[in-house]
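Overview (structure and organization)
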Amino acid sequence: MNFVAPIFLLFLAACTVLNRMCPARFRAAFLLAVSYAFYCTWSVGAAAVLALLTFAAFRTALAGERARAAGSSAARWIGPAAVVLLAAYLAAFKIALLTPAHGIAGLAMPLGISYYTFRLISYILDVHWGKLPAETSLLNFAAYVAFFPQILAGPIQRPGDFLAQLPPKPASAGAGWARIGLGLAKKLFIADNLGPAVNFVYAHVSSLHGAPLWLAFYLYPLQLYADFSGLTDIALGAGRLFGIEGPENFNRPFTASNISDFWRRWHMSLTNWLGDYVFVPLRMATRQAGNWGLAASITINMVAIGLWHGLSAGYLVFGLLHSAFLVTDALTGRRRCRFFKAHPAWDGPGRWLGWFLTFHAVALAMVFFRAPALGAAAALLAGLWSAAPVSSLAAAGFEPRNLHLLALGIAGYALLEAGERWRPDLPLAGLRHCGVRWVRWSFYSAAALLTAFGLALMLVYGTAAPAPFIYAIF
Amino acid sequence: MPKDYPSMAPTWQRMQHVFRDTFDDETLDLHPETTAGGVEGWDSLTHIDLIVALEREFKIKFTTAEVTRLKNVGELAALIDKKLPVRP
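It should be emphasised that the depicted structure is a prediction, and the values quoted were computed from it without experimental measurement.

Every α-helix carries 3.6 residues per turn, so stepping three or four residues along brings you back to the same face. All names here are of chain A. Along its 14 residues, helix α2 (residues 27–40) runs 20 Å from first to last C-alpha, staying within 8% of the 20 Å computed at 1.5 Å per residue. Among the residues making up α2, those that are buried are Arg27, Ala28, Leu31, Leu32, Val34, Ser35, Phe38 and Tyr39. Projected down its long axis, α2 shows its buried positions confined to an angular sector of 165°, all on one face. Along its buried surface, α2 packs onto α1 (6–21), α3 (44–69), α6 (138–146) and α7 (148–151).

What follows is the structure, given as structure tokens:
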């Protein structure tokens, strides 16, 4: 089930109603049943594997905790051994994707494997480090691992955060559906209208030069942001329908004025995850090695982020470029900070320059993330500076209808940025809590009308067949 | 210095000094409930710089598990105090 498919929205609507009817003490069980039903529509075999891994991780954490309480030496290796096995399981499927036959013994890559193995690993490590007591309810733990809104593409919620919310509070259906609507609009209205132009340019890199290449260079980061943050909005909104609050994944990433600030705002749940479970242990182990230890820890961490998307040269270059940016940032940070403190007049221009450089560094790395091969990425970057006469998209065979959609997508993106800038101060939201009945109901009917109008607009102006979410394949 | 930690007064002052030096902020005031989110520039990178600086200042060693378990500055102060040799 795709998150934008009407059948998925109907499934969510049915779940909302059933969840409301369900007595509070059965809500965790209901959540588990719904999650496995969702997963089984994709593959029953893969659901059985997921159940098996969940059970194994549950017992392992309990065994590790018991060994620690008994002072046994097994406590030292049980957790790390389980983590190595889980990482090997994930790596095996990622490596198998490289083989021509695609898959291990004909098995396709299990849906959401990158996300659920990360959830299992964080649980095992949290218990191993004594951050979290081992969960005693298999039902609650299984509901966490299989939680269907987050299994396709995250966000990667931490076990402590999720388990503390069980049994779920009464659902906030209004807030949930509003967030889902926002996600659908970002996906169908913005990302899918920017997509055709980006796809066209990347498919014709060698025959284009100049302006169209710049267009793709600037548009792909915006498309990826609208697509992925839209997917996250749907996941967070769907979670709210069950009374579960998930972690935010984005915080206006393109406003960052340095590269480490960017990574604190982009795909936050993955960055924080790797920060806690890869970077901090590595950095602790290399902390006596000075700047070399710092550079090595950052590089390994960023290459891991790159290769988490898949084992390809493009993702590797993406990781290496970001390591180079981050190492430079970390090594010069203190000096820059002192300079701007001593020269406050430079603070404003410095911030703008920082923002400009950060956005271009991010866009540069994303060329390698998006391009089908290293050669295409190199051709695009070389073509940007080509002195040949400007080639036009239409002359190269790009459909004029798609040009109109592109304009719509860009306008939608501008609206999105403006909305994110001013949304917190939106005065209308307060009306919901107004005690006067006619004011409240005017608000409800206006919201319903706007939603219906928005849906109609999306059907008319959105792309006819929604493209798959970019992050749903990782 | 927080009044809930009178016995830690010297620890607290030395900690505050290390924090101010690491984050390059002479006005930084620590409270037991201060978390990483409340200090500008405190991320996973500077967190380890801070840990290394504290290890040097107090001549102690932290483990990865201890470093990841900490929830706020109060817990950090308690952990440091536990590791210091008992004062006469």
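Below, the discussion takes up the interface of chain A and chain B. Contact residues are listed per partner, giving 16 residues for chain A and 11 residues for chain B. Elements supplying a minimum of two residues to the side of chain A that touches chain B: α12 (268–285) and α14 (313–342) of chain A. With 7 residues, the top contributor of residues to the side of chain A that touches chain B is α12 of chain A. Of the residues that constitute the side of chain A that touches chain B, the class distribution is 7 nonpolar, 3 polar and 6 charged.

Moving on to unusual backbone geometry. With an omega dihedral of -10°, the bond running from Leu166 of chain A to Pro167 of chain A counts as a cis peptide bond. Counting through the fold element by element, Pro167 of chain A comes out in the loop between α8 (159–163) and α9 (173–203). Non-glycine residue Arg252 of chain A carries a positive phi angle of around 45°. Within the secondary structure layout, Arg252 of chain A lies in the loop between α10 (211–240) and α11 (259–263). Phi is positive for Lys59 of chain B, which is not a glycine, with a value near 55°. Looking at the element boundaries, Lys59 of chain B is found in the loop between α2 (44–58) and α3 (64–69).

Below, the discussion takes up the environment of Leu30 of chain B. Residues and elements named next belong to chain B. Along the polypeptide, Leu30 turns up in the loop between α1 (9–22) and α2. Look at Leu30 and you get buried, because 22 C-beta atoms sit within 10 Å. C-alpha of Leu30 to C-alpha of Gln13: the two residues are 17 residues apart in sequence and 9.4 Å apart in space. Setting aside its immediate chain neighbours within four residues, Leu30 contacts Met15, Gln16, Phe19 and Val73.

One widely used convention gives an interface's size as the accessible area the parts lose upon coming together. Residues and elements named next belong to chain A. As assigned here, chain A comprises domain 1 (6–168) and domain 2 (189–224 + 257–384). When each unit is reduced to the centre of its C-alpha atoms, the spacing between domain 1 and domain 2 is 30 Å. Taken together, the contact pairs 12 residues of domain 1 with 7 residues of domain 2. Breaking the side of domain 1 that touches domain 2 down by element, the ones donating at least two residues are α4 (74–96) and α5 (113–128). Here the element with the most residues in the side of domain 1 that touches domain 2 is α5; it accounts for 5 residues. Among the residues forming the side of domain 1 that touches domain 2, the class breakdown is 8 nonpolar, 3 polar and 1 charged.

Rules behind the numbers
Per-chain numbering applies: the sequence of each chain, read as written, is numbered from 1 onward. Just so you know, chain letters begin at A and ligand numbers begin at 1, following the order they were written in. In keeping with the model being predicted, local features are shown solely for residues with a pLDDT of at least 70 and side-chain atom pairs are shown and tallied solely at 80 or more, while totals for entire chains, interfaces and linings include all residues. Numbered from the N terminus, helices here are DSSP runs of H or I no shorter than four residues, and strands are runs of E no shorter than two. Expected span of a helix: the number of residues minus one, times 1.5 Å. Partly exposed residues are those whose C-beta has more than 12 but fewer than 20 other C-beta atoms within 10 Å; 20 or more makes a residue buried and 12 or fewer makes it exposed, with C-beta atoms placed from the backbone. Directions are taken from the helix axis to each C-beta atom, and the arc is the one they span. It is the C-beta atoms, placed from the backbone, that decide contacts: two residues are in contact if theirs lie within 7 Å. Amino acids outside the nonpolar list (Ala, Val, Leu, Ile, Met, Phe, Trp, Tyr, Cys, Pro) and the charged list (Asp, Glu, Lys, Arg) are all regarded as polar, and Gly is one of them. An automatic or database domain assignment supplies the start and end points of every domain.

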